[in-house]
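Chain by chain, the residues:
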Amino acid sequence: MKEKTKSYGIRLISIALPIIISNLIGQLQMIIDKVFLGRLRLECMSAVGNAVGPVWTTMSTIFAMTLGGTILVSQAVGADDEKKAKSIMASVLKYNNILAVLLFFFWIFCSRLVFTVMGVDESVIDMSVAYARYFAPIFLITGISASVTSMLQVSERTKIIAVSGFVRSGLNIILDYLLIFGKLGLPRMEVAGAALATTIAEYTGAAVIVCYAICKNDLIVKPDWMSILQAKGSYYLTAVKVGIPAALEEFAWNFGNLFLIVMLNQVSAVAAGIYAIIFSVELIQVVVVNGLGQATITLSGQETGKGNRRGVRKLVSISLLWSLGLACIMLILFIVFPKEIIGLFTTDQSVIAASKTYLLIVGIDLFPKAANIIIGSGIRGFGNTMWMLKTQIFGTVFVISVSAILVLVLHVGMLGIFWLVVADETIRSLLNLWKLMKETKKNEENV
């Protein structure tokens with residue numbers, strides 16, 4: 001058993017570490033993005049805070065659809081059915097781009113309507129629209145890049161993802177400085193410049209992993225060109241059936257988060273900016289845990305394909321232990337260095353002083369959030385994405401109803417919103433833990 005646990009740990013790290021590095025680099029890129037914008041004025045942060053939420057809500061549907069393919073391919077690999085694994089991968093590569101094109105046109109033509117419905121303040125709505133339109137071309141490459149990343153993940157060849165992250169984020173930071181502030185003779189574009197810098201960098205990073213995948217012939221689930229051209233839509237539809245609950249789950253979470261932003265806009269024009277600052281800090285932990293989650297999904301899918309659900313419980317235990325340890329470290333940093341952390345994003349001393357309490361609450365939120373990500377990844381590895389959708393719908397309804405009461409009726413303000421987020425994550429993490437234990441217990445009883 002000790003040898004098996006060690007094997008799980010090594011494989012988790014080998015898959016997760018490059019993804020974590022890429023995610024951390026990407027998060028550093030986003031933080032520097034916000035640091036640059038925060039040096040302009042807080043309204044710029046509010047504009048980006050309002051724009052990023054809905055844009056990523058729609059983009060996440062593409063990744064969720066790809067997740068269905070990742071789970072099915074992993075299960076086929078675990079069952080030693082390489083032919084089926086390649087066929088599913090070929091279908092995902094072929095059909096995963098239609099939604100991306102539709103979303104591109106949606107954000108080009110409908111961005112102002114979205115932000116108007118959200119109640120974005122007139123003082124920042126033009127900047128939010130500009131950000132969304134300059135960011136929109138990223139959708140055109142998301143379908144192929146998400147599919148290739150899935151192929152690399154299942155093939156346990158994720159180092160190139162870290163390389164792509166270095167290239168993408170390094171370029172983005174340089175372009176951020178040049179385009180936001182208008183250096184070296186370039187126009188001063190501020191919020192629009194941040195979006196354009198991200199778009200150029202994302203195209204470059206995508207080119208790195210796509211070229212790698214084309215050149216490498218030893219990826220275990222890489223289909224040939226003819227297989228992609230002749231790929232059956234039925235395999236993709238099967239992947240979509242698994243992915244749709246995950247997409248709806250992501251949409252439900254983001255919808256709840258967007259509603260919180262709408263409520264914060266009712267509190268004040270800068271409340272969404274403060275919210276964006278605080279949760280940008282939380283994302284440092286989240287991107288690491290998401291990397292472990294992606295590795296957990298892949299290996300849990302393989303163990304499920306082998307009929308070994310007890311192995312899923314062991315994988316989740318290892319990932320969760322590491323994730324909670326990281327949460328402890330982050331909470332200590334939030335307690336010891338709150339002023340320094342928040343001061344990275346704004347020079348407004350009143351905002352820094354007010355945000356210390358919110359930062360502490362977010363530090364507490366890291367624990368149930370980590371549990372949700374890791375336990376949820378294990379459940380998804382079973383192919384059961386519907387359960388995660390159900391718990392997220394419950395969480396979204398809970399967040400929307402309670403936040404509306406807190407802000408519109410009780411006038412509690414931002415403090416109530418932050419504690420509400422903690423309550424939501426805690427309740428769902430307990431529900432998901434119960435489900436994981438129930439599913440793995442079934443497996444033990446059948447042995």
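Engineer: Residue-level account of the overall build of the protein, with values.
Structural biologist: When you go through the protein residue by residue, the secondary structure sums to 16 helices and zero strands. Across the 447 residues in the protein, those meeting the buried criterion constitute 58%. A separation of at least 24 residues holds for 84% of the contacts in the protein among residues at least 6 apart in sequence. Of the accessible surface of the protein, which amounts to about 18500 Å², a share of 68% is contributed by carbon and sulfur atoms. Here the protein contributes 37 positive and 27 negative side-chain charges, whose respective centroids are spaced 6 Å apart.

Engineer: Just give me the short version of the side chain of glutamine 302, but keep the residues and values in it.
Structural biologist: Checked against the element boundaries, glutamine 302 lands in helix 11 (residues 271-305). There is a polar contact of 2.7 Å between the side chain of glutamine 302 and the side chain of arginine 11. Sequence-distant contacts of glutamine 302, that is, excluding residues within four places in its chain, are made with Arg11, Ser74, Val77, Gly78, Val154 and Glu156.

Engineer: Explain the nonpolar core to me, and be specific about the residues and the numbers.
Structural biologist: The biggest cluster of nonpolar side chains holds 78 residues, and the ones touching the most others in it are Leu37, Phe115, Tyr131 and Phe418. If you tally residues by element for this core, the top one is helix 2 (residues 42-78), at ten residues. When residues no more than four places from it in sequence are discounted, the contact partners of tyrosine 131 are Asp33, Val48, Ala51, Val52, Val191, Ala194 and Ala195. In this structure, Leu93, Val221, Val286 and Val287 belong to the second largest nonpolar core, which totals 61 residues.

Engineer: Any details on the pattern of salt bridges? Residues and values, ideally.
Structural biologist: Using the criterion set out here, one finds twelve salt bridges in the structure. For aspartate 424, the salt bridge is made with arginine 428, and the minimal N-O distance between the two is 3.1 Å. You can see aspartate 424 and its partner arginine 428 sitting in helix 16 (residues 414-446), four residues apart, about one turn around the helix. For the pair aspartate 424 and arginine 428, one class covers both residues: buried. Among the ionic contacts, a cluster of salt bridges with common partners joins Lys369, Asp424, Glu425 and Arg428.

Engineer: Pulling in residues and values, what's your account of the packing of aromatic side chains?
Structural biologist: Here the structure, examined in full by the defined rule, presents 13 aromatic pairs. Ring geometry for phenylalanine 36 and phenylalanine 181: centres 5.5 Å apart, planes at 75°, overall edge-to-face. Here phenylalanine 181 lies in helix 7 (residues 159-181) and phenylalanine 36 lies in helix 1 (residues 2-38), a separation of 145 residues in the sequence. Grouping residues by exposure puts phenylalanine 36 and phenylalanine 181 together as buried.

Engineer: Please give an account of helix 6 (residues 139-154) that cites residues and values.
Structural biologist: The terminal C-alpha atoms of helix 6, which comprises 16 residues, lie 23 Å apart, in line with the 22 Å expected from a rise of 1.5 Å per residue. Most of helix 6 is tucked away: 13 of the 16 residues are buried. The first or second residue beyond helix 6 is glutamate 156, which carries a positive phi of 55°.

Engineer: Could you give an account of the packing of helix 2 against helix 6, with specific residues and numbers?
Structural biologist: Helix 6 packs onto helix 2 with a crossing angle of 30° between their chain directions and a minimal axis gap of 9 Å. Relative to helix 6, helix 2 is oriented roughly parallel. Classified by chirality, the crossing of helix 6 by helix 2 is right-handed. Only Phe139, Thr142, Gly143, Ala146, Ser147, Ser150, Gln153 and Val154 of helix 6 make contact with helix 2, whose side of the interface consists of Val55, Thr58, Met59, Ile62, Phe63, Thr66, Thr70, Val73, Ser74 and Val77. The residue makeup of the contact of helix 2 with helix 6, split by class, is nine nonpolar, nine polar and no charged.

Conventions adopted
- Residues numbered from 1 in each chain as written.
- Predicted model: local features only at pLDDT ≥ 70, side-chain atom pairs only at ≥ 80, totals over all residues.
- Heavy atoms only, no water.
- Helix = DSSP H or I, 4+ residues; strand = E, 2+ residues; numbered from the N terminus.
- Buried < 20%, exposed > 50% of the residue type's maximum accessible area, 1.4 Å probe, protein only.
- Contact = heavy atoms within 4.5 Å.
- Areas by Shrake-Rupley, 256 points an atom, 1.4 Å probe, with all protein chains shown as cover.
- Lys, Arg positive; Asp, Glu negative; His and termini not counted.
- Charge placed at Lys NZ, Arg CZ, Asp CG, Glu CD.
- Polar contact = N/O pair within 3.5 Å; in protein donor to acceptor, adjacent residues only side chain to side chain.
- Core = buried A, V, L, I, M, F, W, Y, C linked by side-chain atoms within 4.5 Å.
- Salt bridge = Lys/Arg side-chain N within 4 Å of Asp/Glu carboxyl O.
- Phe/Tyr/Trp six-rings, centres within 6.5 Å; stacked < 30°, edge-to-face > 60°.
- Expected span 1.5 Å × (residues − 1).
- Axes fitted to C-alpha atoms, helices over the stretch in contact; angles between N-to-C directions.
- Parallel < 35°, antiparallel > 145°, perpendicular 65-115°, else oblique.
- Left-handed = near helix turned anticlockwise from the far one by under 90°.
- Nonpolar A, V, L, I, M, F, W, Y, C, P; charged D, E, K, R; others polar.

Geometric descriptors of this kind do not, in isolation, establish any biological role.
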